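Take a look at the letters that make up each chain.
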Amino acid sequence: MKNRKSIFAFFAISAAMIFASCSNLTDAKVSSSSEDKNTLNIEVTNYDEVVTQASKSANRASRTIIPDSFDSDGVDLYIYGVATTGDKFTAPVKVEFEGNADAAGGNTSKTVGKIKIDAEAEVWEFTLAAVAKGDKPATLDEMKTKAVLIAYASLDMTYGDTAKFTLSPDGLTKAASVAMKLYNDGWPTPDGYKITAGIYKLTDGADATITGDGKGTTTIQENLTLGTSAPADANYSLPSMTPGTYLFKVIYTSDTTKKSFVWSDTLIVLPGKPVDSSIAIPNVIGEKPSEPTGFKASYKADSEDERIGYYTVDFEWTRGDSKNELSYKLEVLPLADSTTTAALPSSDAEWTTAANGTEPLSFDAKFSSSDVYGSGSLLTGNTAAAAYLELGVRYAARLCAVNDAGKSAWAYVTVDGTKETAFTSAVISRYRITYNLNGGVYYADGDTLKTGSAVNIVKYFCEKTTDGNAILQPNGNGADGLLKATADANSAAWGAWVTGDGTKFTEAAYTGSANLELFAKYSNGEQDVEFLKKEDYFIKGTWLTVDGKTLTDGQKTLTIDASAKDSSIWNFKTAADTNKITTDFKYDSVTLALTKGAQTYWSKTEYDVGTDGRDFEIPLSKLNVGTYLVTVSASYSTNIYVSYPITTTITR
C-alpha cells in the first residue's frame, strides 16, 4: 500500500479550522531565536489524524464530503512576504517541509520548514500557498491563482522568526464541479415527504450561492427522488462551486406535519477538484439527534474588557454521530457564590441543584443576535461558539442538539485542561484584581532612580480554590507574575491594602472568584482616601433617550424603524440619585458602540459627560437591517468602568 501523504494533513475539517480560516488569517505564533533574522521558520498545522479516508470510498454514510485528496508529493509550497515598510519579496520562495518524528517514529502534528530570505527585522505579512508540483509562480497574484490551499500569517521579525499557518481552500476562486450520487441507505422515503438538498454557509446557515457573493445561482435543488441504493448517475449537480468549507444538507419535509428532518455533513470544495462522492444517508425521519460529545470550555487570551467587565469564553464540541440536528441549544448557568460544587454539574439533577432558583442564560439558533455573542454558531454542523461572560461570576454550561423530533440528552461542559488558556478550577470562572494606588507610586525592585508608576495595576485570574492567586504585598513581596514592588505617598510608607469599606485585607493569596478592589493605605494614617464602589456609578436606563423616547430602567431590548430616517439620535444624560451621582457629577468619558459578534460597526466617545447630556447620532443609512448590540460604557476616576448593553433591532 502506498504511504498516505494527503495534503489534507495541512488543514482541519473541524470548526476550529472553519472559524480560524474563514478570514484567511491565523495568528502567527512567534518564538525567539539566536539565528540570523534572514532565517524564517515555518510551521503548518497538520490535521492528518482527522482525515482518515478519501472521498472516493463508496457507500459511506455520515462521512465528511471531500474530493480526491491531493498527494503531498504532487504539490509544492511557496511563501511570499510584504513588510509594513513596503519591503517585499522579489518572487515567491519555495519552502521545503519535513515532518517531526515523535518517540514512536511517526509524524507529529506539525509540518515544519525553514528558508533563507532577505527579510529585515520588521513586521511582515506572509502568504503561504500549495500549488501543483513544478508549476512555479512568478508573482503573488499568480501564486494565489494557482493555489489549491492557502494561508496567511503576520510576524514581527524584530522579536521572532517562526510563523505558524493553517492551510485551507477558503478565499480561493478557481471553481470546482459538484456531481454527487445521493441515496437513502436501505430505507424508502415515506409518502408525503419532499426532499431538498443544498450547500449552506456554516456561520449563518444561508444558501452558499455558486458565485459565493450572495447573488449567484442558488445551490438548493428541490423535489429530489432518492432510491435505496446508489444511482448510476449523479442526482445532485452543480457546474461550478467556489472553493471553501461548507455544510451540505439533505432535508426531508412533510407536507402533512410541516416537520423537517435533516442530514448534513461538512463539504470541502478544493480549487479545480471535482466533488463526485456517493453519499448514503441514514434514516433521519422522526429520529432525535444524538448527544454532542467532548463539550469543553476555555477562555480567550487577552479578551478581558472587549466589553467592559466581560471576557470571552470559547465553547467547543463534537457533533453526534446522527448528524441530524437542526441546531444546538446552549445554556450558561451563573452559579451562586455559596455553591461549593467541586466540579461542574454533570447530570440534570446536579444542574437543578446548582441552579437553586437561578435562571440560566439560554441560547438557540439565534445565538448570533444575543447580547453576549462573540463568534461561531449554534446552527447545524457547527462545533464551536464563543460568548462574552461577566468577570467575577462563576458559570456552568450544557449543550444539546435539537430537531423537529425533539432534543438530545444534555452534554455538560468540562474545562479544557489541554490548553494554555484553561480554567484553573473545574468551574468557568475569571475575575479581576485592581490595585488602587491612591496617590502612591510603584517602584520596581532594583529601580534605584525611583522612576516608578502611579498607574493602578489591573490583573486577571481564573479561580484557584486550593492555593489561590498571590496578592501583591505592601512589603514588596509578590508572586504568580505580579510585579514585585514598593510604593509610597507623600513620603509615607505603604502599609497595607484595604477593601472598599476600609477593612484591612490580610490574605497573601486570594481563593475567591469575585472581582476584588484593593486600595493602598499608608503608614502615616493621614491619607484622605475616597473608596470608590462600582455600584455607586452604575448607568441607569432612564438616562438614555432614543429618538425622543426615554428608556425604562433595566430595559435591555429596543427596535428602531429605519424606513423613514437616516440616523438615530441617542442622548445620554445623568440624573442625581442617592448614590454618588450629584447635579455636578461628570463621567470622565462615555462611549456608545454598535457591534455584532466581534465586529464594531460604529462607535463614538464623548468626554466630561454629566447632567448636561450628550447626543450620539448612529448613521442608520450605513447599516443593514438586523440585530445589533448597542453598549453604553462610561469611566470615572482611574478604576470605575460601567456599561449598559441594549440589544437593538434595526428594521425597514
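That block above? That's the structure.
These numbers were taken from a predicted model, which means no experiment stands behind them.

What counts and what doesn't
Residues numbered from 1 in each chain as written. Predicted model: local features only at pLDDT ≥ 70, side-chain atom pairs only at ≥ 80, totals over all residues. Heavy atoms only, no water. Helix = DSSP H or I, 4+ residues; strand = E, 2+ residues; numbered from the N terminus. Buried < 20%, exposed > 50% of the residue type's maximum accessible area, 1.4 Å probe, protein only. Contact = heavy atoms within 4.5 Å. Areas by Shrake-Rupley, 256 points an atom, 1.4 Å probe, with all protein chains shown as cover. Pairing = 2+ DSSP bridges. Axes fitted to C-alpha atoms, helices over the stretch in contact; angles between N-to-C directions. Core = buried A, V, L, I, M, F, W, Y, C linked by side-chain atoms within 4.5 Å. 1 Å grid on protein atoms, 1.4 Å probe; cavity = no way out; pocket = protein on both sides within 12 Å on 5 of 7 lines; lining within 4 Å. Points joined across faces, edges and corners; volume = space filled by probe spheres on them. Nonpolar A, V, L, I, M, F, W, Y, C, P; charged D, E, K, R; others polar. Salt bridge = Lys/Arg side-chain N within 4 Å of Asp/Glu carboxyl O. Phe/Tyr/Trp six-rings, centres within 6.5 Å; stacked < 30°, edge-to-face > 60°. Lys NZ or Arg CZ within 6 Å of the ring centre and 35° of its normal.

Thoughts on the overall build of the protein
Part 1 of the reasoning: Within the protein, the regular secondary structure consists of three helices and 43 strands.
Part 2 of the reasoning: Buried residues in the protein amount to 48% of all 652 residues.
Part 3 of the reasoning: By sequence separation, contacts in the protein at least 24 residues apart represent 71% of the contacts at least 6 residues apart.
Part 4 of the reasoning: Here the protein has roughly 29400 Å² of accessible surface; of this, 48% comes from carbon and sulfur atoms.

Quick look at the sheet that holds strand E8 (residues 149–156)
Part 1 of the reasoning: Ordered in space as E4-E3-E7-E8, the four strands form an open sheet in which the pairing is antiparallel. The open sheet is flanked by strand E4 (93–95) and E8, the only strands paired with a single partner. Neighbour-to-neighbour, the strand axes of this sheet turn through a mean angle of 30°, independent of strand direction.
Part 2 of the reasoning: As judged from the three bridges shared by strand E3 (residues 75–83) and E4, these two strands associate in the antiparallel manner. The partner of tyrosine 78 across the bridge, within E4, is lysine 94.

Some thoughts on the nonpolar core
Part 1 of the reasoning: If you look at the biggest cluster of nonpolar residues, it comprises 42 residues, and the most contacted ones within it are Phe295, Phe315, Leu378 and Ile428.
Part 2 of the reasoning: For this core, the secondary structure elements donating two or more residues are strand E16 (293–299), strand E17 (310–318), strand E18 (327–335), helix H3 (348–355), strand E21 (384–390), strand E22 (394–403) and strand E24 (411–412).
Part 3 of the reasoning: At six residues, the largest contribution of residues to this core is made by E22.
Part 4 of the reasoning: Sequence-distant contacts of phenylalanine 295, that is, excluding residues within four places in its chain, are made with Phe315, Glu316, Trp317, Leu330, Ala397, Arg398, Leu399, Ala411, Tyr412, Val413 and Thr414.
Part 5 of the reasoning: Among the nonpolar cores identified, the runner-up in size contains 33 residues, and Tyr80, Leu128, Leu149 and Leu172 belong to it.

Focus on the layout of surface pockets
Part 1 of the reasoning: Its volume calculated, the second largest pocket comes out at about 900 Å³.
Part 2 of the reasoning: In terms of lining, the second largest pocket is formed by 37 residues, of which the most central are Glu390, Leu391, Asn515, Lys534 and Phe538.
Part 3 of the reasoning: Of all elements in the fold, only strand E19 (361–363), E21, strand E34 (516–522) and strand E43 (640–651) reach the threshold of two or more residues within the lining of the second largest pocket.
Part 4 of the reasoning: Looking at which element gives the most residues to the lining of the second largest pocket, the answer is E43, with five residues.
Part 5 of the reasoning: Considered class by class, the residues forming the lining of the second largest pocket number 21 nonpolar, seven polar and nine charged.

A word on unusual backbone geometry
Part 1 of the reasoning: Despite not being glycine, aspartate 302 shows a phi value in the positive range, around 60°.
Part 2 of the reasoning: A positive phi angle is found at aspartate 608, which is not glycine, with a value near 55°.
Part 3 of the reasoning: By the element assignment, aspartate 608 lies in strand E40 (residues 599–610).

Some details on the sheet that holds E43
Part 1 of the reasoning: Strand order in the open sheet formed by five strands is E37-E43-E42-E39-E40, with mixed pairing between adjacent strands. For this open sheet the edge positions go to strand E37 (557–561) and E40, each flanked by a neighbour on one side alone. Along the sheet, successive strands turn relative to each other by an average axial angle of 25°, direction set aside.
Part 2 of the reasoning: The pairing of strand E42 (residues 626–636) with E43 spans 11 bridges and is antiparallel. Across the sheet, leucine 629 pairs through a bridge with threonine 647, a residue of E43.

Quick word on the pattern of salt bridges
Part 1 of the reasoning: According to the stated counting rule, one finds 17 salt bridges in the structure shown.
Part 2 of the reasoning: Among the salt bridges present, the one from aspartate 265 reaches lysine 323, with a minimum N-O distance of 3.1 Å. In this pair, aspartate 265 sits in strand E14 (residues 260–269) while lysine 323 sits in the loop between E17 and E18, placing the two residues 58 residues apart along the sequence. Each member of the pair, aspartate 265 together with lysine 323, is buried.
Part 3 of the reasoning: In this structure, lysine 586 engages aspartate 612 in a salt bridge whose closest nitrogen and oxygen atoms are separated by 3.8 Å. Taken together, the residues lysine 586 in strand E39 (residues 586–596) and aspartate 612 in the loop between E40 and strand E41 (614–619) connect sequence positions 26 residues apart.
Part 4 of the reasoning: Owing to a relative accessible area of 37%, lysine 586 belongs among the partly exposed residues under this scheme.
Part 5 of the reasoning: The class of aspartate 612 is partly exposed, set by a relative accessible area of 42%.
Part 6 of the reasoning: Through salt bridges with shared partners, a single network forms among Lys586, Lys604, Glu606, Asp612 and Arg614.

Some details on the packing of aromatic side chains
Part 1 of the reasoning: Counted according to the given criterion, the structure contains 23 aromatic pairs.
Part 2 of the reasoning: Note on tryptophan 543 and phenylalanine 572: the rings are 6.1 Å apart at their centroids and 85° apart in plane angle, and the pair reads as edge-to-face. Of this pair, tryptophan 543 sits in the loop between E34 and strand E35 (544–546) while phenylalanine 572 sits in strand E38 (residues 567–572); the two residues are 29 residues apart in sequence, bridging distant segments of the chain.
Part 3 of the reasoning: Pairwise contacts between aromatic rings join Tyr537, Trp543, Phe572, Phe585, Tyr587 and Tyr636 into one cluster.
Part 4 of the reasoning: When the ring centre of tyrosine 200 is taken as origin, the NZ or CZ atom of lysine 249, which lies over that ring, is 4.3 Å away.
Part 5 of the reasoning: Between lysine 556 and the ring centre of tyrosine 644, over which it is positioned, the NZ or CZ distance is 4.4 Å.

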